[in-house]
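For reference, the chains in residue letters:
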Amino acid sequence: MSDRLGTRDIPYGDADPAATPTMTLTQLLAVPRRRWRWVLACALLGVAAVAGYLTLLPATYTATAVVTVRAVVTDPFSYPGPGADRAVNMNVETGIATGSRVADAVAKATGSSRAAVDDALKVEVPVGGQVLRFEYAARSSADAIRGSNAAARAYLQVRRDDYRDQQQRRLAGYDATLKKLNSKLDAAEKDASKNGQVGQNGGTGNDTTRALNDQISTVTERRADVAAIDLTPGTLTSPAAAPVPSNHDRPLLFGLAGLLGGALLGAAASFVRESTDRRVRGAADVTIAVAAPLLGVVRRGNRTPARARHADVDHVALAVARLGADGRPVMLLSARDDEGRADLSADVAVALAGFGRDVFLGDVVGTGSELCARVRGASTGRPRDSVRVDPSADANTPTPERIAAQRATADRIAGQRTGTDRGTLEAAADLTDTVQLPAMRLAEGSADRGTVRAPVNGTPRRIVSIRPDSDDALSARPIPVVPVGKGTVAVGPAGAAPHDAGLVLLDAPPLDDDARGVRMLADAQGVQLVHAAAAVLVAVPHRTKLAELRRAADRLATAGCPVSGVVLVRGRP
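Only a predicted model underlies this, so the values are computations on that prediction, with no experimental measurement involved. (Residues numbered from 1 in each chain as written. Predicted model: local features only at pLDDT ≥ 70, side-chain atom pairs only at ≥ 80, totals over all residues. Heavy atoms only, no water.)

## Here's the deal with the UniProt feature "transmembrane region" (unreviewed entry) in the protein chain
Condition: UniProt positions are given in the numbering used here, feature names are shortened, and annotations may be inferred rather than shown by experiment. Helix and strand definitions follow DSSP, with helices as H or I runs of at least four residues and strands as E runs of at least two, each counted in order from the N terminus.
Cross-referencing UniProt, the feature "transmembrane region" (unreviewed entry) maps to residues 38-61 in the present numbering. Taken end to end, residues 38-61 comprises 79% helix and 4% strand; its first and last C-alpha atoms sit 36 Å apart.

This is the structure in structure tokens:
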């Protein structure tokens, strides 16, 4: 049987319980898939968070105005190097743009408080450029546009006023200088006229007056140059205008981001949960936790073909037959009740009967009625070529030979349980149609017997009456026999197995809920039949917890019956 769970090259019986199997990449990727509910829940939470963000929080609109900064030199004679008139310190310009004068102007234009403007206004400077980007965030598009443009215009006005003040101070300095030079010139001309000095042009003057005239001409020229400077600090190249983007734009993209973010969070949560809630992943985990060999893997589910499922059950049945080859009963146990143990017991019993074996399937806690229904369902679902039968006859078609064999088996079981032959039963049939049958106690050698009234036909169907003071009612119930191929499956209570019942297969309750299976294994005096039974644990990959599996193995070891093997049931039992 092909085992996709990795059962090859695993040393049975010498596994170290403290060892941890290495997870492959495929197993790591399978963790979120197995815990898809965690991933789905977190993804839905992410989408819900995005929906709440878009619905509950109001939208914030952000308008942007772009200003191109121009260098202005109010005193060109103080910068000696070439290109000095094109130098702009953008750090200084950013500080001015975010200063109090610009913020006050924006607050006045928008009607907002100064603190709100400081929070809403943001100035960015692209690397390597002389550009200022004024971004203003507001609850409406109109307010955002108004605030952004007001900030840009306020910055330009502030810079223009600064440059005008600088220009006025320079001009005032030149005017003061010219005034002084003119006063000196007037005094020098008066002295020259008094002394009768004549200049080169025939006018009154001397060298002093000529020097003063040259200075006045130079200062006048410089003043004219300063007065002619363009004081424009920049240009509003891209004013803010509608439409204005907001943080609620592209809701589908937000939803997709929330979905993916939630899914990633769910995947991380699934790995955390996997580390805290360790479950059986494969054969390596089983051998490490239980230190017992893997008897086989039974594949279930809609994707597994029926023939593959029956082939898996046949291989497990062969392993179970080897465990019970020395006459030991084989008890199937599981940690919980949702691990497919009962279905596996019925399937294995039917498979062994299909090989020509007589099998007694015992129910540890009940009368076997539910197991009998499972056996009948498993026998009808078997393919024709999986049992050794006559090809001309259907394995489940009642023929005279099969009915006679079934009645003979039922008579043999009833005779062993009651000590009454068929002739005695038929002799009493015409009187009351019932017969007094002494009930066998579970403990051998007990003198206490109960009286049971049972139908006398070959295959009794129900119990007419049971003495109230008898505690052995279950052992007196009729045992139905299901023929499968050349074998039979008898189903009844665990303590009602006849001495020549063939292979005895016992279905025990889940160990976490019921201790009767372990108690039956441990009670050597009360139940001699199952004292040396072989215990087989049933586990489901990705469902059975390692702690539960170890606890079940420890309980069986404490009862003196260590685990003889483990069967994995893949898919939904």
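Now that the structure has been shown, the text picks up again.
## Here we look at the environment of threonine 62
Note the following rule: Note on exposure labels: buried denotes an accessible area under 20% of the residue type's maximum, exposed denotes more than 50%, and partly exposed covers the range between, all computed with a 1.4 Å probe on protein chains only. We call two residues in contact when some of their heavy atoms are within 4.5 Å.
Here threonine 62 shows up in strand β1 (residues 61-69). Residue threonine 62 is classed as partly exposed on the basis of its relative accessible area, which comes to 28%. Between the alpha carbons of threonine 62 and leucine 121 there is a distance of 9.6 Å; along the sequence they are 59 residues apart. Those residues in contact with threonine 62, other than ones at most four positions away along the chain, are Glu135, Tyr136, Ala137, Ala144, Val244 and Pro245.

## With respect to the environment of cysteine 372
For cysteine 372, the location among the structural elements is in helix α12 (residues 369-381). Residue cysteine 372 is classed as buried on the basis of its relative accessible area of 9%. Distance in space between the C-alpha atoms of cysteine 372 and valine 482 is 8.1 Å, their sequence separation being 110 residues.

## Considerations on the sheet that holds β1
Basically, it comes down to this: Strands qualify as paired when DSSP identifies two bridges or more between them. Here an angle of 0 to 180 degrees is reported between the N-to-C directions of two axes, which are lines fitted to C-alpha atoms, with helices fitted over the stretch in contact.
With antiparallel pairing, the four strands of this open sheet are ordered in space as β2-β3-β1-β4. Of all the strands in the sheet, the pair left with one neighbour each is β2 (121-124) and β4 (234-238). Ignoring which end each strand starts from, the neighbouring axes of this sheet average 25° apart. Summarising the sheet, β1 and strand β3 (residues 131-138) pair through eight bridges and their orientation is antiparallel. Bridge assignment links threonine 68 to a residue of β3, and that residue is valine 131. With respect to the sheet, helix α6 (residues 141-195) is in contact with β1, β2, β3 and β4, its orientation differing from that of β1 by roughly 20°.

## With respect to the environment of alanine 144
Checked against the element boundaries, alanine 144 lands in helix α6. Relative accessible area serves as the criterion here: at 0%, alanine 144 is assigned to the buried category. Beyond its immediate sequence surroundings of up to four residues, alanine 144 is in contact with Tyr61, Thr62, Ala63, Tyr136, Ala138 and Val244.

## What about the nonpolar core?
The test is simple: The criterion is simple. A nonpolar core is a set of buried Ala, Val, Leu, Ile, Met, Phe, Trp, Tyr and Cys residues joined through side-chain atoms within 4.5 Å.
Core analysis: the largest hydrophobic core is formed by 39 residues, its most contacted members being Val290 and Leu537. For this core, the secondary-structure elements that each account for two or more residues are α9 (283-290), β5 (294-299), β6 (330-334), β13 (503-507), α15 (516-522), β14 (534-539), α16 (546-558) and β15 (563-570). With five residues, α16 is the largest single contributor of residues to this core. When residues no more than four places from it in sequence are discounted, the contact partners of valine 290 are Leu537, Leu549, Ala553, Val563 and Val566. Within the second largest apolar cluster, 38 residues are counted, among which are Val298, Val350, Leu361 and Val538.

## Considerations on the confidence of the model for the protein chain
To keep it simple, the criterion reads: Per-residue confidence from the prediction method is given by pLDDT, with values spanning 0 to 100.
Across the protein chain, the average pLDDT comes to 76, with 72% of residues at or above 70. Contacts of residues 1-18 to residues separated by more than four positions or lying in other chains number 32 contacts, the stretch itself having pLDDT below 50.

## So, the sheet that holds β14
Either a parallel or an antiparallel arrangement is found when strands of a sheet pair, and the pairing is made through backbone hydrogen bonds. Here eight strands make up an open sheet; going across it, the order is β5-β15-β14-β6-β13-β7-β12-β11 and the pairing mixed. Among the strands making up the open sheet, the edge pair consists of β5 and β11 (481-484). With strand direction ignored, the average angle separating the axes of adjacent strands in the sheet is 25°. When β14 meets β15, the two strands line up parallel, connected through five bridges. Of the residues in β15, the one forming a bridge with valine 538 is valine 567. In the packing of helix α10 (residues 306-323) onto the sheet, contacts are made with β5, β6, β13, β14 and β15, and the angle to β5 comes to roughly 155°.

## A few points about the packing of aromatic side chains
Here a ring pair, both rings aromatic, is described through the centre-centre distance and the interplanar angle of the planes. Applicable threshold: Ring pairs shown here join Phe, Tyr and Trp side chains whose ring centres sit within 6.5 Å, with only the six-membered ring taken for Trp; geometry is labelled stacked below 30 degrees between planes, edge-to-face above 60, and tilted in between.
Following the criterion strictly, the structure yields two aromatic pairs and no others. Look at tyrosine 53 and phenylalanine 254: their rings are 6.1 Å apart centre to centre, the planes differ by 35°, and that puts the pair in the tilted class. Of this pair, tyrosine 53 sits in helix α2 (residues 36-56) while phenylalanine 254 sits in helix α8 (residues 251-276), and the two are 201 residues apart along the sequence. Residue tyrosine 53 is classed as partly exposed on the basis of its relative accessible area of 28%. Classification of phenylalanine 254 by relative accessible area gives partly exposed; the value is 30%. Ring geometry for phenylalanine 134 against tyrosine 155: centres 5.8 Å apart, planes inclined by 45°, an arrangement best described as tilted.

## So, the packing of α9 against α16
Applicable threshold: Any angle that falls under 35 degrees is termed roughly parallel, while one over 145 is termed roughly antiparallel, one within 65 to 115 roughly perpendicular, and all others oblique. With the far helix as reference, a near helix turned anticlockwise by less than a right angle produces a left-handed crossing, and one turned clockwise produces a right-handed crossing. Classes in brief: Ala, Val, Leu, Ile, Met, Phe, Trp, Tyr, Cys and Pro nonpolar; Asp, Glu, Lys and Arg charged; the others, Gly included, polar.
In contact at an axis separation of 9 Å, α9 and α16 are set at 40° when each is read in the N-to-C sense. Our classification of the angle between α9 and α16 gives oblique. Here the hand of the crossing between α9 and α16 comes out right-handed. On α16, the residues that touch Asp285, Val286, Ala289 and Val290 of α9 are Leu546, Leu549, Arg550 and Ala553. Counted by class, the contact of α9 with α16 contains six nonpolar, no polar and two charged residues.

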